[in-house]
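Each chain, written out:
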Amino acid sequence: MATEAAHGAEEGSSLVFHPMDQFIVKPLFGGTEVHWYTITNVTLWMGITVLAILALMVLATSGAKRIPSRGQSIAEMAYGFVYKMIEDVTGKDAVKFFPYVFTLFMFIVFSNLLGLLPMSFTPTSHFAVTIVLALVVFLTVTIVGFALHGAQFLGLFWVSSAPAAVRPLLALIEVISYFVRPVSHSIRLAGNMMAGHAVIKVFAGFAAIAAVSPVAIIAIVGMYGLEILVGFIQAYVFTILTCVYLKDALHPAH
Amino acid sequence: MATETHDAVEGAAHAAESAGMPQLDFSTWGNQIFWLIVTLVVIYLILTKIALPRVGAVLADRAGTIANDIAAAEELKQKAKEAEAAYDKALADARAEASRIVEATKAEINEELKAATAKADEEIAAKAAESAKAIDEIRAGAAEAAETVAKDTAAELVAALGFTPKDDEIEGAVSERLKG
Amino acid sequence: MEGDIAELGKYIGVGLTAIGMGGAAMGVGNVAGNFLSGALRNPSAAASQTATLFIGMAFAEALGIFSFLVALLLMFAV
């Protein structure tokens, strides 16, 4: 009854909130079933992400000029940014992971920013995507850590600088925090993206009411600017945390 | 009542389905994960095969060029410094040479001047001596003449007064007066 | 009628979880403010610590995002 009333009220008034509808995964070419191979809006926007990366990193650098063009400067800046990050945070010996980290960074930053286009879809606002990204990092760190250091990698959990009495307790906390890492790593990114888009959508709902629409539109503009910043910062944070975790794999000593 | 509850529950379930979180619709996870992996692999291949080697090469090339240019600039600077040092040295040499020449010339001129002065002094001294001699002679001549004139005048005066002049007396008196 | 009470509880719960976001806001503000005061004391060391700043902010923010997530789960999934 209550829901029906709510439905009736929703249809009656102009204030309609569907902030989560923008995240629905839909097949692109008709049908309602989503199989694992179905071409959906996820496919479309991931494809656009790939094309954008292709345009920036390959087409813009095609001249490979010593004095760069505008596009080439941006590509070089991105390269230098991630390279310096991994060198500073993880260490010089981690440069072999650079293509991998750079792939993550480019995918996330382009997904975030392209997702801000109106009517678009943001792959990184989905837990399915970010959890895979975070799990890949988690598995890489764990496998590389054990491959390089064997059982010594477990020393990561044994804080030898702490008093002996509290070490087992600390080890337990460290183990838990180690396994929580992929969770926070993925939920941070998806949550930020989802929150920003949902907030913009809620303001857009208010914009339909004439009395508050100017305020709502100004708020949307403000949120939009904030979201551009957040989209970049979250990509940065995801990448730098990947570097921090990789440092644990390469230098597990506390 | 029972039907109402049933309706409400069904309605709620329906609402949750339509407005729930699409992120938690696990039926789409397989699809997303599949396309994500495809995307990541494609991006990874694009980056490792084409983009990163190219950008890395450009950056390395630029770094090399800059390093070379800086080295060349350093070299040119060094050369400029050397040239400046050489110029300074040449300038200092020239100055020293000039002052040496000035010294020498000054000494030479002094020498000549001294010689000329000495010669002139000598000549002047000779001339002065000669003149002094001539003056003495003239003076002696004049005195003698004066004495003769005085004697003659005295003799004439004595004769005019009617006396017979006596040569020795007149001579003695004139010389006495002239001495006085 | 049980449905109504459940709805009521749900929305009260959503409102309460939203308070958690305020905690995260304080945490992030604390991180940024302390970084700024430190950076003004020793500006030469600030540039090397921006990565730490962002990592700290990310950890503080993640917890707020968790409460946001709980709110969303209550709103849409429960």
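Not measured: the values here are computed from a predicted model.

> Looking at this model, I keep getting lost on the nonpolar core. Mind explaining?
Where a protein is soluble and globular, its nonpolar side chains tend to be buried together. Within the largest apolar cluster, 69 residues are counted, with the highest numbers of intra-cluster contacts made by Met57(A), Phe102(A), Met106(A), Phe107(A), Leu133(A) and Leu47(B). Elements with a contribution of two residues or more to this core: helix 2 (41-59), helix 3 (70-89), helix 4 (98-114), helix 5 (127-149), helix 6 (167-206) and helix 7 (213-250) of chain A, helix 2 (29-160) of chain B together with helix 3 (50-77) of chain C. Formed by 16 residues, the second largest nonpolar core is a distinct cluster that contains Phe127(A), Ala128(A), Ile187(A) and Trp29(B).

> In this structure, what is going on with the packing of aromatic side chains? I would like to understand it.
Summed over all chains, the structure comprises 20 aromatic pairs over all chains. Seen from their ring centres, Tyr178(A) and Phe179(A) are 5.7 Å apart, and the 85° between their planes marks the pair as edge-to-face. Three or more aromatic residues joined by ring pairs make a cluster, and in this case those are Phe138(A), Phe146(A), Phe153(A), Phe157(A), Tyr178(A) and Phe179(A). One Lys or Arg, Lys10(C), reaches over the ring of Tyr11(C) and ends 5.9 Å from the middle of that ring.

> Could you clarify how one ought to interpret the interface of chain B and chain A in this entry?
Many analyses report the size of an interface as the accessible area lost when the parts associate. Listed per partner, the contact involves 42 residues of chain B and 48 residues of chain A. Both sides of the chain B and chain A interface together cover about 3900 Å² of buried area, and 74% of this is carbon and sulfur. Taken together, chain B and chain A are joined by 1 salt bridge. For Glu76(A), the salt bridge is made with Arg62(B), and the minimal N-O distance between the two is 2.8 Å. If you look at where chain B meets chain A, you find 10 residue pairs in polar contact (both at pLDDT 80 or more). The set of elements that each furnish at least two residues to the side of chain B that touches chain A consists of helix 1 (2-19) and helix 2 of chain B.

> Got a minute to help me understand the UniProt feature "transmembrane region" (unreviewed entry) in chain A in this structure?
Residues and elements named next belong to chain A. UniProt tags residues 36-60, 97-121, 127-148, 200-221 and 228-247 as "transmembrane region" (unreviewed entry). With 76% helix and 0% strand, residues 36-60 has its two end C-alpha atoms placed 34 Å apart. What you have in residues 228-247 is 100% helix and 0% strand, and the ends, taken at the C-alpha atoms, are 29 Å apart.

> Would you take a moment to explain the confidence of the model for chain C for this structure?
Caution applies to low-pLDDT parts of the model: their predicted coordinates are not meant to be read in detail. Here chain C shows a mean pLDDT of 87. Residues at 70 or above account for 96%. Within chain C, the element-level pLDDT minimum falls on helix 3 of chain C, averaging 85, and the maximum on helix 1 (residues 2-41) of chain C, averaging 89.

Calculation criteria
- Residues numbered from 1 in each chain as written.
- Chains lettered and ligands numbered in written order.
- Predicted model: local features only at pLDDT ≥ 70, side-chain atom pairs only at ≥ 80, totals over all residues.
- Heavy atoms only, no water.
- Core = buried A, V, L, I, M, F, W, Y, C linked by side-chain atoms within 4.5 Å.
- Buried < 20%, exposed > 50% of the residue type's maximum accessible area, 1.4 Å probe, protein only.
- Helix = DSSP H or I, 4+ residues; strand = E, 2+ residues; numbered from the N terminus.
- Phe/Tyr/Trp six-rings, centres within 6.5 Å; stacked < 30°, edge-to-face > 60°.
- Lys NZ or Arg CZ within 6 Å of the ring centre and 35° of its normal.
- Contact = heavy atoms within 4.5 Å.
- Buried area = accessible area lost by both parts, 1.4 Å probe.
- Salt bridge = Lys/Arg side-chain N within 4 Å of Asp/Glu carboxyl O.
- Polar contact = N/O pair within 3.5 Å; in protein donor to acceptor, adjacent residues only side chain to side chain.
- UniProt positions renumbered as here; feature names shortened; annotations may be inferred.
- pLDDT = per-residue confidence, 0-100.

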